[in-house]
Each structure stands twice: as structure tokens, then as C-alpha cells.
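Structural features, examined
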Amino acid sequence: MSNRTFKRLWTASQKDLEKLAVNDFEYQAIEAQHDRSEIQGQVYELYLRYIVISNRLEEIYDQMVQPQKRILIRKLLDNVLGRVLELKHDLVIIDISEFSYNDAVVEKLGLTPLAMEINVPKYFRREKEEMLNERRKFMDDILRRIGALDEEVIEEELSELDAIKIIQTHERARQGRLRAQFMKELKLLKEKGKPDSSRDKSATGLNAAMKIQKVWRGYATRRQTRRRKMEEMILIGMIPPQVTTTRTAVDELEDAKAIRYKQQRQFQEEYENALVRVKDEIYSKQGAAMKEDIADEIRTWFKEYQKRTGRLPDFPSEEAGGSRHLLSRQATESEMSRSSVMSSRESKLKSSKDSKLQQKRPGEVSLEEGLDKAFKPVQSAFLPEIKNGIDEYNDIWKGKDESQNLRQTFYDDMIYEEKFTDVETELRRIVDDIMRQELDMLQIALDRDRAQKGKKSKKGSKKARRSGKKGKKKREKDLTPDRTTESLFEELLTNGIIKKFPESPIDSYVGDMSYIARSSLNPTPGDVRHIIKQYCILPMGSETIRNFGPCIKSLLLAGPKGSGKTSLVHAICTETGSVLFDISPANIAGKYPGKSGLIMLMHLVSKVSRLLQPSVIYFGDAEKPFMKKVPKTDRTDPKRLKKDLPKLVKNINPEDRIMLIGTSNCPWEGDMKLMSQTYQRFVYIPRPDYGALSYAWKELLSHYSGVQRQFDTGAMAKISDGYTIGSVVRCIREVITCKRMLQLRTKPLTHLELINALSALEPVYKEEEEAFMYWWYKTPLGRRRSKQMEMDEARMDIENVTKKKK
């Protein structure tokens, strides 16, 4: 795909985004709605349309090479993804469920399940690949040093002299073979004249040639027959067609992407060098004149103000805007006064110490609100920024003539405008400091003449100092102030708290999204994968989304053994490049003993996870700390972290890209009230149905080229009903070993082999499934849904009684 193609795609996406933003502003302005079923369709439509646009913007940002365009596209992409999460949390409140469905909206928009799934931006990992490689190498070195990692044998590189010797040896051997062949032929020529050997040898050679021809012609005929039979089966639809041409096209596309990635890096380096060069040129050529102009402007304003009021003005601080704020009038609007919603919200989040303001941030579903309370959309933090991005595109890029820039390199004029403003701002800050000193000197001179006014000003300054002391905030005590991040990281890695995880993308969690509406208790694997992307991967991967979007600090994944909970944790770490901290009871047993040791452990986990963001704090067997009675056979002391887990989650700031993720096979054994204080969201992963199992069998067996295409995966899906996908994976790995893989061509795979291996595994029994359902209705969202269903039933009964009376 060419630069022109992505330009057209961006233009079409901007048009769709502009229309969608208009509809979204109308949605934000609606009045409170009591009937939530009516508003659900509108919110779900906005949600799906934003997902489609975000997927397009992600593709454009991944392949666009022009560096200045990519800045705007990245800004739009992050804000659109943030808006998707805001609408998702609106849907959770409306549907009282983690999973939302509306088939009518999907049919109206003409979307497929594949188009409804949000794509994880590739820049999450691609832009920090070097840092991840260095961290991986550092971990391998430490693990190898302590003997926890097998040392890989690295072949030494040959020197030029050794390579020449090897080439000489092979060349001499080749010449020796040629010499031997020549001598053999010479010997045959000498013996050719003997009368005994001529007739017999010619007859023997002819017979041998005829035998070779016979074998070859039979083989070629059989091969041609098999090929014709295969073509006939493909023609009538009995066998799916070969994918060799598609695979070749995919390879070519990957090569083209690699070339564009290389261009991106090259153009980005040129752009960054140009930023430094242009800024230095402006400083050297126009810096002195700009400083004089700014100083003259401020002095002139001082004189006018003194003539008008008879006193010197108060010079604003740098935080208040400095001379820009000083020179602005009520009728005019300075650049400093034009603060965006993002900046104002950021200042509120930083300066606010009231917990109530943080509770208003979306991300938590509270049961304290009345269920019959009208629904009102939460004010979006991303929608104004989306509008600013649309305006910037219309002002700069929409009608820009790019016929002279076919390579899509940077534009010098845009860099000059940007850096001229930056230089002016920096010089104004320097001049402001000089002007403050001049103003202080003038004020001191006036105070000498007016002694009484001078005293009052001193009193006022003392009051200001007192008020400044009250605003100081107590910092947390650092137990390791003199240690480096590397030493702390090494200690936690050596003790097994930081773990090296198998890298697996989120798409390795196989399964389609639902084709029809479902309830919150039977989502498909694709639905679970989609919600993990929204709750965990997107906020952890983007600082913008985490700072201003819905904040989820902790999540509990519950489901039967083999449902893929740990795989999802590894996928989250892989997609976001996170560090994995494992504080499961079984992992920390015997480590950091005693009360002081536990304090040090939690301090190290909290400190290092904040230093190495993004970070995932994993807690396996999440129900154990909250059990009423721990079994005597359990020696891990699971209640050790009972009080520290809620504190750990509470100390995670909204802007920290840190998340506590727990997993549980039997969550009903823990006290739900205590678990709700630690985990904000609960996601239930049920056993897969027939469709999910059929897809899993087909997808997993397709990785083995020797398995026949005619293999009936539907039958295996029916037989494995009640088993998890983890059991399917384990069954396939046990059957298709390396030796069995080599025999697949001559001895095809049979259902009996898989059934025998599957019968040795434990299925999900009906009692366990009922226990999960009963537990889910005890979660905060489940209790809220139960109350809503009771209210709906009571309302229906009242309506039926009223109709009968009429």
C-alpha cells in the first residue's frame, strides 16, 4: 500500500470521525433517562462506531511515514480509544453487566464480529522494543548467574583466516575428487579395447535404463492422478482450497510493512534533528531581538499602568502565566488562558486531595446509587480533544498541497512555526525573571519613600509564606533510599517475585466473539478477550488513556481450571511490555519472613512497580487470603496479605500504570465483602460451548501440517463438551508428540487417540458451574443485577394487575 492509499484512508476516517463527534456531543447533552433500554441502543451504536474508527486510525498510524502527520494521528488514536472506554463503562452501568450486546445495532451498522473487536495498537510494543530487549537480557544474565536458567551455547564466529583455511580444505578435496574421477575414466578407456566385456555390459545397461523408466513413469502417473483427484474434490467443495497463494501475499505484505517501519525510523530521526537545528537557528539569529522586544513591551506596560493607577503592578508568577497573563485584557484571549479540558482536568487531578473527586472518575460501579435513578452520561474528557484534533486536521492537513513532497518527509515551515513559539516562550520566561527583579528594585525604591506601605507589604508577604507552609504534603517513608533501581530489580528477580513470563499475544487466546446476544454468564472466549483489551491492555499501554480515562486498579479473573486465566495475564504483560510481579501465597511462602519482612516486600513491590511502569501485580489463588478457615494442609500462610492487598490497591494513583490481577478456580471459598475491598471488577470465564470448542479444535490442529483437512473437528467438539480449552490444548500436546508428528503422513491422526487422552482429564462438572453462577450473583455487579431484575418483575406484576382491573 502506498502513501496515497493511507492518505485517502485517513481522509475518509476524518470525515466519519467528524460526523461521529457531532452525534456524540448530542449524546452528551441529553437529559437524564429513566428508561435505560432506550438509551442502550444509542450508546452501543456510538461505541461500535468509535471501535471501527479506532481500528482504522491504528492501521494508519502503524503505516504512515510522515512524522508530523503521525503526531496528530497518535493524538486522535489515543483519544478515540479513551472515548471507547468511557462508553464501555456507560454500557456497564446501563446493562448492569460486563458484557453488552445489541443485535439490532450490529445489523444496522452491517458489522461482523471481527470488525467489532478492538485492535491493540502495535506502538505499545514497537516503540519500546529496544528497552524490552535490554530488560530481557538483564533478566537472563541474572537468572543464568544464579543457576535458574540453562546457559545457551553460542557458536563462536570464525575469523577470516579460519574461514580461508576451511575454504582451501574443501577446494582441495573437490579437486582431488575430480582428479580421481578423471583417472577412473582414463582407466575405463584403456580397458575398452578388451573383447570379453563389450556385449554383456551394453545389455546390462539397457536393462537397467528400462527398469528406471518403468518405475519413474508409474510414479509420475500416480502423482498426476492424485493431483487431479484433489482438484476435483476442491472443485466440488469437499476439501478447502490450498492457501499457498494467500500465504505468499501475506509474506509480501509483511515485507512491505518492514520497509515502511524502516522509513518511519529514518524520517523520525531526520525530523528530530531538524527540530534541534531550527531551534538553534532561531536562537542565534533572532534570540537577542526577541528578548529586547519582549522587555520593551513589558516596560511600556509598566509605565502605562503606573500612569493610570499611580502604583506598580503585581507581576504574576510563572505558574499563573507570567507576562502573557499580565498583558492580556478581558476582551482578548491569550494563549495561556486557552486551556484545554485535558490540562484543566490534569491540574484538578494533581491539586485535588479530596477523595470524593476521585470517586467521581468512571471505572467503579457503586451500589450506593439508587437502581431507579435516571441515567446521565458522564462528562467526557476525550471528546473535546477529539474535536481539537479534527479542527487541527481541517486547518492544516485537509487542503494541504503535497504534490512536492511525494516521499512524505517533514515540512520545514511547520517546524519553524512550532519552534518560533517555543523559543519565544522560553525567552519570555527568562525576561520575566529579569522584569521581576527590576520591579522589585522599583518597589524597594518606592517603599523607602513610603515607609508605612512598605511595612504592610512585608506583613502581607509573611502571611503568604505561612499559607505556603500549610500546603505541604507528607511523603511516604522510603525504606530503601540509597539503593538503585537495578539492585532492587535484581533482588526481586533473584527471590522469584519478578518473574520471566512466556510471551504470548492476546490473539493466542483463541475464540470468536459472539454472533448473537448472550447473557453476562455465558460470554464467548472472544468476548472475554475483548473486555481484557479494554480493561487492562489499553489503559496500561497508553499514558493518555490511563491519566484521563476510566481507572480500574484491580481485576479478578474467575473460572474453572484450564479456562486461560494465567494465559490472559501473560498476554497482558506481553502486549503492554509490563513487568510481572508474582505475590501469590505459594510464591512468597518462606520469603521475607516476619512482620518486618512483609513490610519490606510490599514496599519493594510498590516502589519497583512504580519505577518500571507499566507493571502487573499477579496474585494467584485470590480467594485464599479471604477464606474463613484455611486448611491445615496449606503451609503457604495465605492470610499473610489479607490487610496489605487493599492498601496496595489504595496506594495505586490514578495516573500509575499499575494493576493488580487476581485469578481463582474456586472464588466462592473467599469472603465476598473482603474481596470487594480489594478487587474493583470481577470477570467470570465460563466453560466453552460447542462453537468455541469447535473453533479451538480446528485452530489448534491447523498448526500441525500433517493433520488431514478432512479431520472432523465438530465430532471432537461434541465429545469434549464440558472440558475447557486448556484441556483441549493439553490433550493435543500429549497426543501429537515429535515422534507422532513425523508419522502423520503415513499414519493419519484418529479421533480415538484424542479421546483416550481427553478421558484422562477432569471436565467441568455441573455442580462446579452452578457454584460459579451462585458466586457471581454475590459480586457487587451481580447483586445490583439481581435487585434490578426483582424491581423489573415487581413493576411487571403491577402493570399486569392494572391491566386486569381495567
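These lines cover the structure that appears in this document, whether it is placed above or below. (Residues numbered from 1 in each chain as written. Predicted model: local features only at pLDDT ≥ 70, side-chain atom pairs only at ≥ 80, totals over all residues. Heavy atoms only, no water.)

Turning our eyes to something else, we now look at helix α29 (residues 751–759). Among all positions of α29, only Leu754, Ala757 and Leu758 are buried. Along the axis of α29, the buried positions cluster into a sector of 100°, meaning they face one direction only. Seen from the open side of α29, the exposed residues pointing more than 90 degrees away from its buried face are Leu752 and Ser759. Residues of α29 that are buried in the fold lie against α25 (690–701), α26 (713–719) and α27 (725–735). (Buried < 20%, exposed > 50% of the residue type's maximum accessible area, 1.4 Å probe, protein only. Helix = DSSP H or I, 4+ residues; strand = E, 2+ residues; numbered from the N terminus. Arc of directions from axis to C-beta. Contact = heavy atoms within 4.5 Å.)

This brings us to helix α1 (residues 3–28). Compared with the 38 Å implied by 1.5 Å per residue over 26 residues, the 36 Å span of α1 between its first and last C-alpha is a close match. Burial in α1 covers these residues: Phe6, Trp10, Ser13, Gln14, Leu17, Leu20, Ala21, Asp24, Tyr27 and Gln28. (Expected span 1.5 Å × (residues − 1).)

It is worth spelling out the sheet that holds strand β1 (residues 498–499) at this point. Within the open sheet, the six strands sit side by side as β1-β3-β4-β5-β2-β6. Their pairing is mixed. One side of each edge strand has no neighbouring strand; the edge strands of this open sheet are β1 and β6 (681–684). Pairing between strand β3 (residues 579–582) and strand β4 (residues 615–619): four bridges, direction parallel. Within β4, the residue paired with Leu580 across the bridge is Val616. Of the strands in this sheet, β2 (554–558), β4, β5 (658–664) and β6 are in contact with helix α18 (residues 525–541), which crosses β5 at around 150°. (Pairing = 2+ DSSP bridges. Axes fitted to C-alpha atoms, helices over the stretch in contact; angles between N-to-C directions.)

Take a nonpolar patch on the surface next. Among the surface-exposed residues, Phe182, Met183, Leu186 and Leu189 lie close enough to one another that they form a single nonpolar patch of about 380 Å² accessible area. Tracing the backbone through its elements, the reader meets Leu189 in helix α8 (residues 160–191). Exposure remark for Leu189: the relative accessible area of 60% places this residue in the exposed category. (Patch = residues over 30% accessible without salt bridge, like charges linked within 9 Å, V, L, I, M, F, W, Y side chains within 5 Å. Areas by Shrake-Rupley, 256 points an atom, 1.4 Å probe, with all protein chains shown as cover. Salt bridge = Lys/Arg side-chain N within 4 Å of Asp/Glu carboxyl O.)

Tallying each qualifying case throughout the model produces 42 salt bridges. Ionic pairing is found between Glu129 and Arg125, a salt bridge with its closest N-O pair at 3.7 Å. Glu129 gets classed as partly exposed once you look at its relative accessible area, which sits at 29%. By relative accessible area, which is 16% here, Arg125 ends up buried. The closest approach of N and O atoms between Arg299 and Glu438, which form a salt bridge, is 3.0 Å. Of the two residues, Arg299 is situated in helix α10 (residues 244–309) and Glu438 in helix α15 (residues 412–449); the sequence distance between them amounts to 139 residues. Ionic contacts of the salt-bridge type, sharing partners, join the residues Arg125, Glu129, Arg136 and Glu503 into one network.

Trp10, Tyr50 and Ile532 are the most contacted members of the largest nonpolar core, which totals 79 residues. With sequence-adjacent residues up to four places away left out, Ile532 is seen in contact with Ile506, Ile537, Leu555, Leu557, Leu568 and Ile572. Met139, Ile497, Tyr592 and Val649 belong to the second largest nonpolar core, which has 43 residues in total. (Core = buried A, V, L, I, M, F, W, Y, C linked by side-chain atoms within 4.5 Å.)

Shape is all these values report; function is a separate question.
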